[in-house]
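Okay, here's what each chain looks like letter by letter:
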Amino acid sequence: MEKMFDSKMLTSFVIKSSLNIYSNMKIGGDATYLLAPQNVSDISSIIKEANSQNLKILPVGGGSNILFGNVGNRVIILDAYLPDIFQVDHKIVTVSSNMKISSFIDKAMQHGLGGMEFISGIPAHIGGAIHMNAGAFEKCIFDYLYWIEYINLEGKVIKIDCRNLEFGYRTTSIEGFIVRAAFKLDKKTKKKILADKEDIISKRFERHPYDYPSLGSTFKNPKGKFAGQLIDECGLKGLQIGEAQISKKHANFIINKGSATFNDVNELIKIIQETVKRQKGIELQLEIKVIN
Ligand SMILES: Cc1cc2nc3c(=O)[nH]c(=O)nc-3n(C[C@H](O)[C@H](O)[C@H](O)COP(=O)(O)OP(=O)(O)OC[C@H]3O[C@@H](n4cnc5c(N)ncnc54)[C@H](O)[C@@H]3O)c2cc1C
């Protein structure tokens with residue numbers, strides 16, 4: 001008989017809460033194993049235990065790229081209760097993975113360090129942004145990343161120079177839970193950082209639908225093309241199922257207009273993929289993480 005996850009041994013990590021508050025899309029139901037570790041050694045124990053039971057883990061940061069469906073027995077590990085770290089040594093800034101991008105940029109600015117303002121306005125945490133290799137305006141987070149510390153799938157703490165990691169467009173080779181990272185930033189005046197940050201945020205507000213919950217770009221841009229433009233050209237902008245809608249402002253964003261469900265969003269995803277394939281001959285690949 002299959003051995004069950006030893007939730008008794010780990011009761012202090014289990015929190016009773018709906019997943020919808022941990023996704024920026026505000027969609028999600030119950031999870032059997034929604035865990036809130038408070039330090040690195042907790043994470044290590046959780047991963048070892050999950051591994052021994054053959055259960056998949058899912059680290060969750062800002063939840064700005066995760067669509068929760070039926071998560072089954074997946075072991076969901078929140079970064080929300082981990083201690084905050086922010087240390088500066090010359091141009092090197094070491095942070096905990098749970099830090100919000102906005103706080104990171106603001107805190108670094110207080111030390112006259114910047115460069116990563118291009119990701120201002122993204123509602124992500126540092127760990128999630130590293131795992132996804134978040135980027136914008138032709139730059140990505142790996143341009144500034146120095147090293148990371150993560151717990152691998154055996155529960156071991158590994159510190160690795162980012163030159164030894166593989167990364168690409170919204171993808172990395174990291175398997176495990178990132179706990180800390182160091183970035184090499186640029187010396188920059190507060191005035192210039194503020195101006196660059198404001199410029200980026202205003203461009204985002206102009207182009208993206210910030211008035212409703214979303215997960216950012218639903219699909220990756222195919223080589224040389226823009227997913228949003230392809231979806232728009234297929235006449236799908238504004239299409240709504242239940243309370244999920246293909247944004248009228250940016251067709252690569254699916255927004256939750258109120259009480260959208262996983263099925264509403266998933267249905268829109270399928271329609272987009274089928275229509276773009278039929279009309280344009282292109283298979284759109286998901287950028288968001290659909291957990292079902
Ligand atoms: C309004 C809006 C605008 C956006 N704009 C952009 C943009 O310009 N560029 C861009 O790249 N993305 C953008 N996104 C998408 C999203 O913010 C990024 O993918 C971001 O990197 C996700 O970070 P997160 O902390 O929210 O991760 P989550 O959504 O929590 O998780 C995303 C993935 O990372 C993994 N993960 C999370 N934390 C960790 C960790 N500590 N260790 C290991 N794995 C982890 C998760 O398991 C999951 O696979 C946008 C999203 C929104 C809602």
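This structure is a prediction, so every number in the text was calculated from the model and none was measured.

**Details of the environment of Ile282**
1) Next: Considering the arrangement of structural elements, one finds Ile282 in the loop between helix 6 (262-280) and strand 20 (289-291).
2) Next: With 68 residues separating them along the chain, Ile282 and Ser214 place their C-alpha atoms 24 Å apart.
3) Next: Apart from the residues within four sequence positions on either side, Ile282 is in contact with Pro222, Lys225, Leu230, Val276 and Lys277.

**Looking at the sheet that holds strand 4 (residues 75-78)**
1) Next: Pairing is parallel in the open sheet, where three strands are placed in the order 1-4-2. This sheet does not close on itself; its edge strands, each paired only once, are strand 1 (33-35) and strand 2 (57-60). Each adjacent strand pair in this sheet contributes to an overall mean axis angle of 20°, direction not counted.
2) Next: Judged from the four bridges that link them, strand 2 and strand 4 form a sheet pairing that is parallel. Bridged to Val60 within strand 4 is Leu78.
3) Next: Where helix 1 (residues 40-52) meets the sheet, its contacts fall on strand 1, strand 2 and strand 4, and the angle it forms with strand 4 comes to roughly 170°.

**Focus: the pairing of strand 4**
1) Next: What you see with strand 4 is no split at all: Val75 and Ile77 on one side and Ile76 and Leu78 on the other are buried throughout.
2) Next: Relative to strand 4, strand 1 runs parallel, the two being bridged by three bridges. Within strand 4, the residue paired with Tyr33 across the bridge is Val75.

**A closer look at the domain arrangement of the chain**
1) Next: Along its sequence, the chain is organised into domain 1 (11-78), domain 2 (86-192) and domain 3 (209-291).
2) Next: Each of domain 1 and domain 2 was reduced to a C-alpha centroid, and the two centroids are 22 Å apart.
3) Next: Contacts between the two partners involve 15 residues from domain 1, matched on the other side by 13 residues from domain 2.
4) Next: Taken as a group, Val40, Ile43 and Ile47 account for 31% of the area that domain 1 buries against domain 2, more than any other trio of residues on that side.
5) Next: Linking domain 1 to domain 2 there are zero salt bridges.
6) Next: The tally of links from domain 1 across to domain 2 stands at two residue pairs in polar contact (both at pLDDT 80 or more).
7) Next: Among the elements of the structure, helix 1, strand 2 and strand 4 are those that each provide at least two residues to the side of domain 1 that touches domain 2.
8) Next: Tallied by class, residues from the side of domain 1 that touches domain 2 come to seven nonpolar, seven polar and one charged.

**Some points on helix 2 (residues 101-110)**
1) Next: Among all positions in helix 2, only Ile101, Phe104, Ile105, Ala108 and Met109 are buried. Buried residues along helix 2 cover an arc of 130° about the axis, so they all sit on one side.
2) Next: Elements in contact with the buried residues of helix 2: strand 5 (86-89), strand 6 (92-96), strand 7 (113-114), helix 3 (126-131), strand 14 (176-184) and helix 4 (190-207).
3) Next: Directly beyond the C-terminal end of helix 2, a positive phi value near 70° is found at Gly112.

**Here's the deal with helix 6**
1) Next: Given a rise of 1.5 Å per residue, 19 residues ought to cover 27 Å, and the 26 Å separating the end C-alpha atoms of helix 6 matches this to within 8%.
2) Next: Buried within helix 6 we find Phe262, Asp264, Val265, Asn266, Leu268, Ile269, Ile272, Thr275 and Val276.
3) Next: Buried-residue contacts for helix 6 involve strand 3 (66-68), helix 5 (227-233), strand 17 (240-241), strand 18 (244-246), strand 19 (253-256) and strand 20.
4) Next: With its phi angle positive at about 70°, Gly281 sits one or two positions after the end of helix 6.

**What about the nonpolar core?**
1) Next: Counting residues in each nonpolar core, the largest one holds 33 residues, and the members touching the most others are Phe104, Met116, Ile126, Ile130, Ile148, Phe183 and Leu185.
2) Next: If you tally residues by element for this core, the top one is helix 2, at five residues.
3) Next: With residues near it in sequence (within four places) discarded, Phe104 still touches Phe86, Val93, Val95, Met99, Met116, Ile126, Phe183 and Leu185.
4) Next: One finds Leu67, Ala251, Ile282 and Ile288 within the second-largest nonpolar core, a separate group that totals 24 residues.

**Structural notes on the side chain of Ser64**
1) Next: With respect to the secondary-structure elements, Ser64 resides in the loop between strand 2 and strand 3.
2) Next: Of the residues examined, Ser64 reaches a relative accessible area of 15% and is grouped as buried.
3) Next: Excluding its chain neighbours within four sequence positions, the residues that come into contact with Ser64 are Asn24, Pro123, Ala124, Leu215 and Gly216.

Rules of the game
- Residues numbered from 1 in each chain as written.
- Predicted model: local features only at pLDDT ≥ 70, side-chain atom pairs only at ≥ 80, totals over all residues.
- Heavy atoms only, no water.
- Helix = DSSP H or I, 4+ residues; strand = E, 2+ residues; numbered from the N terminus.
- Contact = heavy atoms within 4.5 Å.
- Pairing = 2+ DSSP bridges.
- Axes fitted to C-alpha atoms, helices over the stretch in contact; angles between N-to-C directions.
- Buried < 20%, exposed > 50% of the residue type's maximum accessible area, 1.4 Å probe, protein only.
- Domains from an automatic or database assignment.
- Buried area = accessible area lost by both parts, 1.4 Å probe.
- Salt bridge = Lys/Arg side-chain N within 4 Å of Asp/Glu carboxyl O.
- Polar contact = N/O pair within 3.5 Å; in protein donor to acceptor, adjacent residues only side chain to side chain.
- Nonpolar A, V, L, I, M, F, W, Y, C, P; charged D, E, K, R; others polar.
- Arc of directions from axis to C-beta.
- Expected span 1.5 Å × (residues − 1).
- Core = buried A, V, L, I, M, F, W, Y, C linked by side-chain atoms within 4.5 Å.

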